[in-house]
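Single-letter residue listing:
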Amino acid sequence: MIRDQRGFGLGFGGSVFETVGLPLIIMAVLGWFAWGAFGDYQARTRVVAGLARAAAAQAAVDKAFALRGSLAFPAALQAHWSPPAPDEFVQSIRVEDNGVITLRFTARVAEDGENQIQIVPVVQDRALDLGAASNAGLKYAWQCGGAAGRSTVPSARRPDTCR
């Protein structure tokens, strides 16, 4: 005699656990994984917004490096850029005397100690000191979050272009 299979076929015979409890457990586990991924997604979009704000600093560094002439790089930079005010995601954007741009994010993006990204001018994957007179006129590229800089934001919270 063949009996009808009831429920998921786990041998519980259609018990309350099988019909209610097991689906709830499965949904809770899936929700736990989804919540972590959603948090990383939110932080990544906030980091992208911060990097967009840093584009003005990159443009100012480029202009100061190209036009500095007899001025020292820091003096030329001050003539073309001033730090923006903090917002709810970006705590500060700072440009060092060597051209390195450092972004610090608020706790809404990452915890203290894991909230910094550096955008570094590089030549052949090596950091370039834009303040050094010997580097005047060199062509360089920008590297975000790479080996040349010191970035502490976890890679899951950074866009692919900044890992």
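Data block above holds the structure.
This text gives an overview of the structure that appears in the document. In this text the structure is predicted, and so the values were computed from the model without any measurement.

As for the overall build of the protein chain
Here is step 1 of the chain: Regarding its fold elements, the protein chain presents two helices and five strands.
Here is step 2 of the chain: Secondary structure of the protein chain in N-to-C order comes out as α-α-β-β-β-β-β.
Here is step 3 of the chain: Looking at the protein chain as a whole, 33% of its 163 residues are labelled buried.
Here is step 4 of the chain: Taking all contacts inside the protein chain whose residues are at least 6 apart in sequence as the whole, residues at least 24 apart take part in 49%.

A look at the pattern of salt bridges
Here is step 1 of the chain: A full pass over the atoms with the stated rule returns four salt bridges.
Here is step 2 of the chain: When the shortest N-O distance is used, the salt bridge between arginine 53 and aspartate 87 registers 2.9 Å. Within this pair, whereas arginine 53 is found in helix α1 (residues 16-67), its partner aspartate 87 is found in the loop between α2 (73-80) and β1 (90-95), the two being separated by 34 residues in sequence.
Here is step 3 of the chain: Under the relative-accessibility criterion, arginine 53 is labelled partly exposed at 26%.

Side note on unusual backbone geometry
Here is step 1 of the chain: Positive phi, close to 50°, is recorded for glutamine 124, a residue that is not glycine.
Here is step 2 of the chain: In this structure, glutamine 124 sits in the loop between β3 (116-123) and β4 (126-127).
Here is step 3 of the chain: Classification of glutamine 124 by relative accessible area gives exposed; the value is 74%.

Looking at the packing of aromatic side chains
Here is step 1 of the chain: Taken as a whole, this structure holds four aromatic pairs when the rule is applied.
Here is step 2 of the chain: Each ring, one from phenylalanine 65 and one from tyrosine 140, has its centre 5.4 Å from the other, and the planes form 80°; the classification is edge-to-face. With phenylalanine 65 in helix α1 and tyrosine 140 in the loop between β4 and β5 (141-144), the pair connects residues that are 75 residues apart, well separated along the chain.
Here is step 3 of the chain: An aromatic cluster of at least three residues, connected via ring pairs, comprises Phe65, Tyr140 and Trp142.

Focus on the environment of valine 100
Here is step 1 of the chain: Position of valine 100 among the secondary structure elements: in the loop between β1 and β2 (101-105).
Here is step 2 of the chain: Classification of valine 100 by relative accessible area gives buried; the value is 9%.
Here is step 3 of the chain: Distance in space between the C-alpha atoms of valine 100 and glycine 149 is 8.1 Å, their sequence separation being 49 residues.
Here is step 4 of the chain: In contact with valine 100, other than residues within four places in its own chain, are Arg94, Val95, Gln118, Ile119, Val120 and Pro121.

Conventions we followed
The numbers attached to residues start from 1 for each chain and follow its sequence in the written order. Side-chain atom pairs in this predicted model are given and counted only at pLDDT of 80 or more, local residue features only at pLDDT of at least 70, and totals for whole chains, interfaces and linings cover all residues. Here the side-chain values reflect all heavy atoms present in the structure, with hydrogen atoms and water set aside. Each helix is a run of DSSP H or I of at least 4 residues and each strand a run of E of at least 2, with the numbering of both proceeding from the N terminus. Working definition: with a 1.4 Å probe on protein chains only, accessible area under 20% of the residue-type maximum means buried, over 50% means exposed, and in between means partly exposed. What makes two residues a contact is simply this: any of their non-hydrogen atoms within 4.5 Å. A carboxyl oxygen of Asp or Glu within 4 Å of a side-chain nitrogen of Lys or Arg is what we treat as a salt bridge. Two rings from Phe, Tyr or Trp (for Trp, the six-membered ring) form a pair when their centres sit within 6.5 Å of each other. Planes less than 30 degrees apart are called stacked, planes more than 60 degrees apart edge-to-face, and all others tilted.

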